[in-house]
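# Summary of structural features
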Amino acid sequence: MESKREQQSGYIQAPALAGPDVLPVPEPTQDLQQALDDLYHYGCCILLNALTTDQVTDLATRMDRQYAAELKLGVLGPELGPSNKKVLPNLVNKGQHYLDLVEHESTHAVARYLLGKHWLLSSLTAHLFVGATERAELIHRDQGQIPASIDFPALCNLFYLLDDFTAARGSTVIFPGSHRWPIEHRVSPPAAAKGHQVTAPAGSLFVFDGRLWHGTGANLEGHRRRAISVFCSAPWVRQQENACVSTTRDVFEQASPDLRARLGLKTYGTLGNINGTRVSHQRVAFGSTDVEFPTALIGENAELIPLPETRKM
Ligand SMILES: O=C(O)CCC(=O)C(=O)O
């Protein structure tokens, strides 16, 4: 297959590999252009020093504090499952320090490269271990819901690492190059043992294309191994977190226009309306325009129905 350009996002797909070849893990780099080239060739990259040491320390401390506080919520807290690998959901309402990662210049550069300029935040989550695990978790492709025949990324996962990632700490098992595998190798996962584990220092940004086979490694040391996932999607994919319901009105009101758009308060072509959007805006192919929460929705016989606001109690 030749390189081909996706019309909506501008993403250029590398030629397909002949079979399910696992390429080496690309070397960590400080150079953004090299990182984007790695995404093209390998479907993953490691961008060094995306966060400063102070940012790493601050975010790691805040994540631990958040986890401890949410545990105390008992049944009101999120469902965290039996595994020692935990994912704290919806960081959007949990502090500006997390939202800053959505607007981080590296996030924008990478998401734009893979998904086009209208990319959305699909979810914002904290990943941490609270003990050892014996085996690797399920190997999967994050865009498993998207038809496997699609030869471009519809999602991408950006992991800001708050601890060094090593194999013994359960770093991610990845199959570099698998975003270029022939279609018959895109549905059933390869054996975890055939993958490579990521080695990268805290402060790095580890990115993987939504088509890349990967999974959480076994954390034999039981190290905390913290990371924040900024999960991004193409503007036509349903967001993992239902942001317009899951985001407090305070966050929306304080958000920059760019952040509001990433959360979904922007149309994309004919999608993403609130109470309908002026038709003139929808005529622009793949165009995009801001939307506002109306004070009321319109019901039968034009009855006005107040829109409930979500605010801190
Ligand atoms: O925690 C990891 O290493 C990988 C997490 C993962 O598989 C995912 O978020 O899709």
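Quick caveat, the model's predicted, so the values are computed rather than measured. (Residues numbered from 1 in each chain as written. Predicted model: local features only at pLDDT ≥ 70, side-chain atom pairs only at ≥ 80, totals over all residues. Heavy atoms only, no water.)

## Some words on the sheet that holds strand S6 (residues 155–161)
Spelled out, the test is: Any two strands are treated as partners once DSSP identifies two or more bridges connecting them. Runs of H or I in DSSP of at least four residues are treated as helices and runs of E of at least two as strands, each being numbered from the N terminus. Fitted lines through C-alpha atoms give the axes, limited to the stretch in contact for helices. The angle between two N-to-C directions lies from 0 to 180 degrees. Throughout, a residue-residue contact means that at least one pair of heavy atoms, one from each residue, lies within 4.5 Å.
Reading across the sheet, the 6 strands line up as S3-S9-S6-S11-S5-S4 and stay open at both edges, with antiparallel pairing between neighbours. Strands at the two margins of the open sheet, each flanked by one partner only, are strand S3 (44–47) and strand S4 (85–88). For this sheet, the mean angle separating the axes of adjacent strands, direction not counted, is 20°. Note: S4 against strand S5 (residues 120–129), 4 bridges, orientation antiparallel. Within the sheet, the bridge partner assigned to Leu 88 lies in S5 and is Ala 126. With respect to the sheet, helix H4 (residues 105–115) is in contact with S3, S6, strand S9 (205–209) and strand S11 (227–233), its orientation differing from that of S6 by roughly 160°.

## Focus on the site of the ligand
Test applied: Only a single heavy atom is needed: when it lies within 4 Å of a molecule or strand, its residue is near that molecule or strand. Pairs of N or O atoms within 3.5 Å make up the polar contacts considered here, provided that, within protein, one atom can donate a hydrogen while the other can accept it, and that residues adjacent in sequence are counted only when both atoms are side-chain atoms. Only the protein chains shown count as cover for residues, and all accessible areas are computed by the Shrake-Rupley method using a 1.4 Å probe. Lys, Arg, Asp and Glu make up the charged group, whereas Ala, Val, Leu, Ile, Met, Phe, Trp, Tyr, Cys and Pro make up the nonpolar group; the residues left over, Gly among them, are polar.
In the neighbourhood of the ligand, the contacting residues comprise Lys 85, His 127, His 140, Asp 142, Asn 157, Phe 159, Thr 172, His 214, Thr 216 and Arg 225. Within the side chain of His 140, one N or O atom sits 2.9 Å away from an oxygen atom of the ligand. Contacts to the ligand include Thr 216, whose side-chain N or O atom sits 3.1 Å from an oxygen atom. Coverage of the ligand by the protein chains reaches 90% of its 290 Å² of free accessible surface. For the shell around the ligand, the class distribution of residues is 1 nonpolar, 6 polar and 3 charged.

## Digging into the side chain of Arg 211
Looking at where Arg 211 falls in the secondary structure, it is placed in the loop between S9 and strand S10 (214–215). Here Asp 151 takes part through its backbone oxygen, which lies 3.3 Å from a polar atom of the side chain of Arg 211. With near-sequence residues (within four places) excluded, Arg 211 lies in contact with Tyr 11, Gln 13, Arg 141, Gln 143, Ile 150, Asp 151, Phe 152, Pro 153, Ser 178 and His 179.

## Brief notes about the side chain of Ser 106
Put simply, the rule reads: Relative accessible area decides the class of each residue, using a 1.4 Å probe on protein chains only: under 20% of the type maximum gives buried, over 50% gives exposed, and in between gives partly exposed.
Residue placement: Ser 106 occurs in helix H4. Residue Ser 106 is classed as buried on the basis of its relative accessible area, which comes to 10%. Setting aside residues no more than four positions away along its own chain, Ser 106 makes contact with Leu 47, Ala 50, Tyr 160 and Leu 205.

## Let's talk about the pattern of salt bridges
Selection rule: Put simply, a salt bridge is a Lys or Arg side-chain nitrogen that is within 4 Å of an Asp or Glu carboxyl oxygen.
Evaluation of the coordinates by the stated rule reveals 17 salt bridges. Asp 151 is paired through a salt bridge with Arg 186; the nearest N and O atoms lie 3.0 Å apart. Pair noted here: Asp 151 is in the loop between S5 and S6 and Arg 186 is in the loop between strand S7 (173–174) and strand S8 (196–197), with a separation of 35 residues, a long-range link. Assigned by exposure class, Asp 151 and Arg 186 land together as buried. For the salt bridge of Glu 253 with Arg 311, the shortest nitrogen-to-oxygen distance reads 2.9 Å. Of the two residues, Glu 253 sits in helix H6 (residues 249–254) while Arg 311 sits in the segment after strand S13 (304–306), which places them 58 residues apart along the sequence. The structure contains a network of salt bridges with shared partners spanning Arg 249, Asp 250, Glu 253, Glu 309 and Arg 311.

## A word on helix H2 (residues 53–71)
What counts is decided by this rule: To estimate how far a helix should reach, multiply one less than its number of residues by 1.5 Å. Think of the arc as the fan of directions from the helix axis to the C-beta atoms.
Taking 1.5 Å of rise per residue, the 19 residues of H2 would be expected to cover 27 Å, and the 27 Å separating its terminal C-alpha atoms lies within 8% of that figure. Taken together, the buried positions of H2 are occupied by Val 56, Leu 59, Ala 60, Met 63, Gln 66, Tyr 67 and Glu 70. Mapping the buried residues of H2 onto a view down its axis gives an arc of 130°, with all of them on the same face. Opposite the buried face of H2, by more than 90 degrees, sit the exposed residues Thr 53, Asp 54 and Arg 65. Contacts made by the buried residues of H2 are with S4, helix H3 (96–102), S5, S6 and S11.

## Some points on the state of the cysteines
One way to say it: the disulfide is the covalent bond shared by the sulfur atoms of two cysteines. Stated formally: Here, the term disulfide refers to a pair of cysteine sulfur atoms separated by no more than 2.5 Å.
Scanning the model with the defined rule gives 0 disulfides in all. Its sulfur unpaired, Cys 44 is 7.3 Å from the next cysteine sulfur, which belongs to Cys 45. Residue Cys 44 is classed as buried on the basis of its relative accessible area, which comes to 1%. Left without a disulfide partner, Cys 156 is nearest to the cysteine sulfur of Cys 232, which lies 4.6 Å away.

## Re the packing of helix H1 (residues 32–42) against H4
The criterion, for reference: Each crossing is labelled by how the near helix is turned from the far one, with a counterclockwise turn of less than a right angle marking it left-handed and a clockwise turn marking it right-handed.
Relative to each other, H1 and H4 sit at 35°, their axes nearing to 11 Å. Classified by chirality, the crossing of H4 by H1 is right-handed. Facing Leu 32, Leu 36, Leu 39 and Tyr 40 of H1, the residues of H4 in contact are Ala 109, Val 110, Tyr 113 and Leu 114. Residues that form the contact of H1 with H4 fall into these classes: 8 nonpolar, no polar and no charged.

## Observations concerning the domain arrangement of the protein
Often, the extent of an interface is quoted as the loss of accessible area upon association of its parts. The test is simple: Residue ranges labeled as domains rest on an automatic or database domain assignment.
According to the domain assignment, the protein consists of domain 1 (4–233) and domain 2 (266–306). Just the C-alpha atoms count here: the centres of domain 1 and domain 2 sit 33 Å apart.

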